[in-house]
Amino acid sequence: MQAAAVCELDECTAQCATCAGWTCSDAGQECRDADKDAVTGLNTWVCVCAAPRVGVSAPTKVAVCTLDECLSHAGTCTAAGQTCFDPDIAVAALGDWECRCAPPAAQSATGQAADCSHDECGPNGATCAAAGQDCVDGDHRTLGDWTCQCHSPWDGVGKQAPASMCTHDECESFGAVCPDGQDCADGSHEDAGDWACVCKNDAAVNATGAPALCEVDECADACATCAGSTCDDAGQTCTDMDTKAASLRDWVCACPPPTSAVPAVTSAQHCFYDECDDDAVCGAAGQECVDGNWNVNGDWACRCRHPETGNATGAAAACALDECETLGKTTCEAAGQTCEDGDHMVDGDYECTCVAPRVGSATAAAAACELDECSAGPAGTGAA
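Here goes a summary of the coordinates provided. (Residues numbered from 1 in each chain as written. Predicted model: local features only at pLDDT ≥ 70, side-chain atom pairs only at ≥ 80, totals over all residues. Heavy atoms only, no water.)

### Description of the nonpolar core
Nonpolar side chains in soluble globular proteins tend to end up buried together. Cys178, Trp195, Cys197, Cys199, Ala207, Ala212, Cys214, Val216, Cys223 and Cys226 form the largest nonpolar core, which has ten residues in total. It is strand β9 (residues 195–199) that contributes the most residues to this core, three residues altogether. Filtering out sequence-adjacent residues up to four positions away, Cys223 remains in contact with Asp180, Gly181 and Val216. Membership of the second largest hydrophobic core comes to nine residues, among which are Cys276, Trp300, Cys302 and Ala312. (Core = buried A, V, L, I, M, F, W, Y, C linked by side-chain atoms within 4.5 Å. Buried < 20%, exposed > 50% of the residue type's maximum accessible area, 1.4 Å probe, protein only. Helix = DSSP H or I, 4+ residues; strand = E, 2+ residues; numbered from the N terminus. Contact = heavy atoms within 4.5 Å.)

### So, the pattern of salt bridges
This model, assessed by the stated rule, comprises four salt bridges. As a salt-bridge pair, Arg32 and Glu30 come within 3.3 Å of each other at their nearest N and O atoms. Asp183 is the partner of Lys200 in a salt bridge, and the nearest nitrogen-oxygen pair spans 3.9 Å. Highlighted residues: Lys200 in the loop between β9 and β10 (202–208) and Asp183 in strand β8 (residues 182–186), separated in sequence by 17 residues. Among the residues examined, Asp183 registers a relative accessible area of 40% and is labelled partly exposed. (Salt bridge = Lys/Arg side-chain N within 4 Å of Asp/Glu carboxyl O.)

### A short note on the pairing of strand β12 (residues 251–254)
Both strand β11 (residues 237–240) and β12 contribute to a ladder of four bridges, which runs antiparallel. The residue bridging Thr237 from the neighbouring strand is Ala254, located in β12. Taken together, the two bridges between β12 and strand β13 (residues 264–265) define a ladder with antiparallel strand orientation. Bridge pairing in β13 links Val252 to Val265. (Pairing = 2+ DSSP bridges.)

### Here's the deal with the sheet that holds β9
Taken in spatial order, the three strands make up an open sheet running β8-β9-β10, and their pairing is antiparallel. Two strands bound the open sheet, and with one partner strand each, they are β8 and β10. Between one strand axis and the next, the sheet turns by 35° as a mean value, whatever way the strands run. (Axes fitted to C-alpha atoms, helices over the stretch in contact; angles between N-to-C directions.)

### Topic: the state of the cysteines
A full pass over the atoms with the stated rule returns 19 disulfides. The disulfide bridge from Cys282 ends at Cys302, spanning 1.8 Å between sulfur atoms. Taking the torsion about the sulfur-sulfur bond, which here is approximately -90°, the covalent link between Cys282 and Cys302 counts as left-handed. You can see Cys282 sitting in the loop between β13 and β14 (288–291) and its partner Cys302 sitting in strand β15 (residues 300–303), a full 20 residues away along the chain. Each of the two residues, Cys282 as well as Cys302, counts as buried. With its sulfur 2.1 Å from that of its partner, Cys324 forms a disulfide with Cys339. Between Cys324 and Cys339, the disulfide has an S-S torsion of -85° and is therefore left-handed. In this pair, Cys324 is assigned in the loop between β16 (311–313) and α6 (327–334) and Cys339 in strand β17 (residues 338–341), connecting sequence segments 15 residues apart. (Disulfide = S-S within 2.5 Å.)

Structure below.
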């Protein structure tokens, strides 16, 4: 007895009542018959979605295909550091795939890479603020580029966590607080409020954040308000009336003895001196000392006392005397005679001369007048 033949029937390609016919191809799908037994394998064909679509139908039906467009477009998103997402994988929903930005950015774009931006100072600003600094995100499209920046006038390289190390020489801001005679010193450029005024003449004396209580002798020290050589150059003496650092510009120049003047503040004095205070020349000659200008040295003079006349600068005068104003006047006029002093520099040379018609003269005495009555006028005129 012969065995029955095992017949095969590919329902995807054959023409039969149970065959697929054009069912799958009309849907753009592939027909597959997994069981080709002509007896037992009827109605087992299925439609399979064509790649890149996915999906397998129930037997003898068109498949319901899906298409995740990110399978073919993911490279566009990943190249931009983004994630591809297809919100509807139905075959009919083509072109709806999108690129989504990586957190914390939340932007997305359909069919292309998204324009992602995110101000990282939102979540990181507190780190900078806690250090008294500003948060700066230079490029909102770049992650991890935010930095903490120092407040002006503080300087420092921008850092993230921990915050930047800011430095500043506070003497650039507060140096003017320290007066002349003091230097500003900032011990640490990293700490605020530690600057100090330091005395130039004693560094051990200082004050933090304020002028130091220094002793400044403006006559001896070197400073902007100090005397320097002003007094010395004028031959005068410098005195600082108050050496406290807060008392500046109070030094004075004083004239040396025996000169005198009102002391001058912050300048050389104009000294004056009566040179006759030390007179030993005029007095010894019985003359008067006269200093015409106390501001000029060497102009003193000896002046003869009345009735003598004459003067000399810097020496005793050669005095002149018209004796006819003194002894001669008394002697000659009392005798009715005239007086004549031929040389005022010689004592006792005055002459008394008789008045005409009498004749006669005498030196330093009344003349013994004579009258020639033969030549004289009427009798009784003239003195005996």
